[in-house]
Amino acid sequence: MKTVKEVSELTGVSVRALHHYDAIGLLRPTRVTEAGYRLYDGEALKRLWTILLFRELDFPLAAIRAILDNPATDRENVLNAQIELLEMRRNRLDGVIRLAKNVRDRGGEAMSFQAFDREKQKEYARRAKETWGGTEAYREFEKKDAGRAPEEKEEVNEGLMRIFREFGGLLALDPADAPVQAQVKALKDYITKHFYDCKPEILAGLGQMYAAGGEMTQNIDAAGGKGTAEFAGRAIEIFVKH
């Protein structure tokens, strides 16, 4: 067992942050002594390690908690997804370093700005705008999102991930079964309320994007368990046909 101070010294996470993680239910101490000291065992440190990897990827704390508290979450799958995303980030940073060396050594001749491209790390926004950027739906989303405080954005995103977490709890069913179709309806209504009018054609496009692979698929699977994104995509396809 390690005290909160020892965990802080070991990980570089401040004592204040560890207290905050406890307060929001993200990382509970294994035991609290009669004197009020928080103690953490090996399992708690493993959870903290996973949390720190997600933070390195800029995941909101609420989303991290939703992923880790989902009984269907497979720790190995989560780690594999984290590794892939970190490799994407590393590759981008390597490109920036190469560019800096080129500027230093060649004075910026034949300068390329490709290294500053953040597209792979902004797949949600890119693919959404690519599909609907000129549509009324996307303009509606931008208008709603612009008026939200950061805490509100995190809460809305957490609500969306909670829906996918619930999809993960239905994986044993057929995508056409009533509970699954009801979950698609819940997803559609949530998007309409918080983002834009989720018309059938938009919902169908989202279903295809969910199952298309990449960061979007990985994040949904991290929330609901492996196969959740593809399952949701098939359920949506059935829903829009009826």
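All figures in this text were calculated on a predicted structure; none of them were measured in a lab. (Residues numbered from 1 in each chain as written. Predicted model: local features only at pLDDT ≥ 70, side-chain atom pairs only at ≥ 80, totals over all residues. Heavy atoms only, no water.)

Here's the deal with the overall build of the chain
Part 1 of the reasoning: A tally of regular secondary structure across the chain gives twelve helices and three strands.
Part 2 of the reasoning: Of all 242 residues assigned to the chain, the portion counted as buried reaches 40%.
Part 3 of the reasoning: A separation threshold of at least 6 residues defines the contact pool for the chain, and within that pool the share at least 24 residues apart is 61%.
Part 4 of the reasoning: Carbon and sulfur atoms provide 52% of the accessible area of the chain, an area that totals close to 14,100 Å². (Helix = DSSP H or I, 4+ residues; strand = E, 2+ residues; numbered from the N terminus. Buried < 20%, exposed > 50% of the residue type's maximum accessible area, 1.4 Å probe, protein only. Contact = heavy atoms within 4.5 Å. Areas by Shrake-Rupley, 256 points an atom, 1.4 Å probe, with all protein chains shown as cover.)

Focus on the packing of helix α3 (residues 42-56) against helix α4 (residues 61-69)
Part 1 of the reasoning: Between α3 and α4, the least distance of the axes is 10 Å, while the angle of their chain directions is 135°. The orientation of α3 with respect to α4, classified from their angle, is oblique. Relative to α4, the crossing made by α3 is right-handed. Touching R47, T50, I51, F54 and R55 of α3 are L61, I64, I67, L68 and D69, all from α4. (Axes fitted to C-alpha atoms, helices over the stretch in contact; angles between N-to-C directions. Parallel < 35°, antiparallel > 145°, perpendicular 65-115°, else oblique. Left-handed = near helix turned anticlockwise from the far one by under 90°.)

Observations regarding helix α11 (residues 215-224)
Part 1 of the reasoning: In terms of burial, α11 is largely enclosed, as ten of its ten residues are buried.
Part 2 of the reasoning: Turning to α11, its buried residues number three or more, namely E215, M216, T217, Q218, N219, I220, D221, A222, A223 and G224.
Part 3 of the reasoning: Where α11 terminates, the next one or two residues include G225, which has phi positive at roughly 105°.

Description of the packing of aromatic side chains
Part 1 of the reasoning: With the rule as written, the count across this model stands at three aromatic pairs.
Part 2 of the reasoning: Ring plane angle 85° and centroid distance 5.1 Å describe the contact between F164 and Y210, whose orientation is recorded as edge-to-face. Residue F164 is located in helix α8 (residues 150-168), and its partner Y210 is located in helix α10 (residues 200-210); the two are separated by 46 residues in the primary sequence.
Part 3 of the reasoning: We classify Y210 as buried; its relative accessible area is 5%.
Part 4 of the reasoning: Both rings, one in F195 and one in Y196, keep their centres 6.4 Å apart while their planes meet at 55°; by these two values the pair is tilted.
Part 5 of the reasoning: An aromatic cluster is defined as three or more aromatic residues linked by ring pairs; in this entry it consists of F164, F167 and Y210. (Phe/Tyr/Trp six-rings, centres within 6.5 Å; stacked < 30°, edge-to-face > 60°.)

Description of the pattern of salt bridges
Part 1 of the reasoning: Per the counting criterion, the structure on display carries nine salt bridges.
Part 2 of the reasoning: For the salt bridge of R47 with D69, the shortest nitrogen-to-oxygen distance reads 2.8 Å. In this pair, R47 sits in helix α3 while D69 sits in helix α4, placing the two residues 22 residues apart along the sequence.
Part 3 of the reasoning: Judged by relative accessible area, which is 39%, D69 ranks as partly exposed.
Part 4 of the reasoning: The salt bridge partner of R165 is E158, with a shortest N-O separation of 4.0 Å. Residues R165 and E158 agree in their burial class; the two are buried.
Part 5 of the reasoning: Because the salt bridges share partners, they merge into one network encompassing D22, R28 and R38. (Salt bridge = Lys/Arg side-chain N within 4 Å of Asp/Glu carboxyl O.)

Details of the sheet that holds strand β1 (residues 2-3)
Part 1 of the reasoning: As summarised here, the arrangement of the three strands in space is β1-β3-β2, forming an open sheet in which the pairing is antiparallel. Here the strands that pair on one side only, and so sit at the sheet edges, are β1 and β2 (31-32).
Part 2 of the reasoning: Of the strand pairs in this sheet, β1 and strand β3 (residues 38-40) are connected by two bridges, and their pairing is antiparallel. Bridging across to β3, T3 finds its partner in L39. (Pairing = 2+ DSSP bridges.)

A few points about the packing of helix α1 (residues 4-11) against α3
Part 1 of the reasoning: Between α1 and α3, whose axes approach to 12 Å, the crossing angle comes to 45°. When the interaxial angle is binned, α1 and α3 end up oblique. Like other packed secondary-structure pairs, α1 and α3 cross with a definite hand, here right-handed. Across the interface between the two elements, V7, L10 and T11 from α1 touch L45, L48 and L52 from α3.
Part 2 of the reasoning: Of the residues contributing to the contact of α1 with α3, the split by class is five nonpolar, one polar and no charged. (Nonpolar A, V, L, I, M, F, W, Y, C, P; charged D, E, K, R; others polar.)

Re the nonpolar core
Part 1 of the reasoning: Judged by nonpolar contacts, the single largest core of 49 residues is most densely connected at L18, Y21, F167, L187 and Y210.
Part 2 of the reasoning: It is α8 that provides the largest number of residues to this core, a total of six residues.
Part 3 of the reasoning: Look past the residues within four positions of Y21 in its chain and what remains in contact with it is V13, L26, L27, L48, I51, R55 and L61. (Core = buried A, V, L, I, M, F, W, Y, C linked by side-chain atoms within 4.5 Å.)

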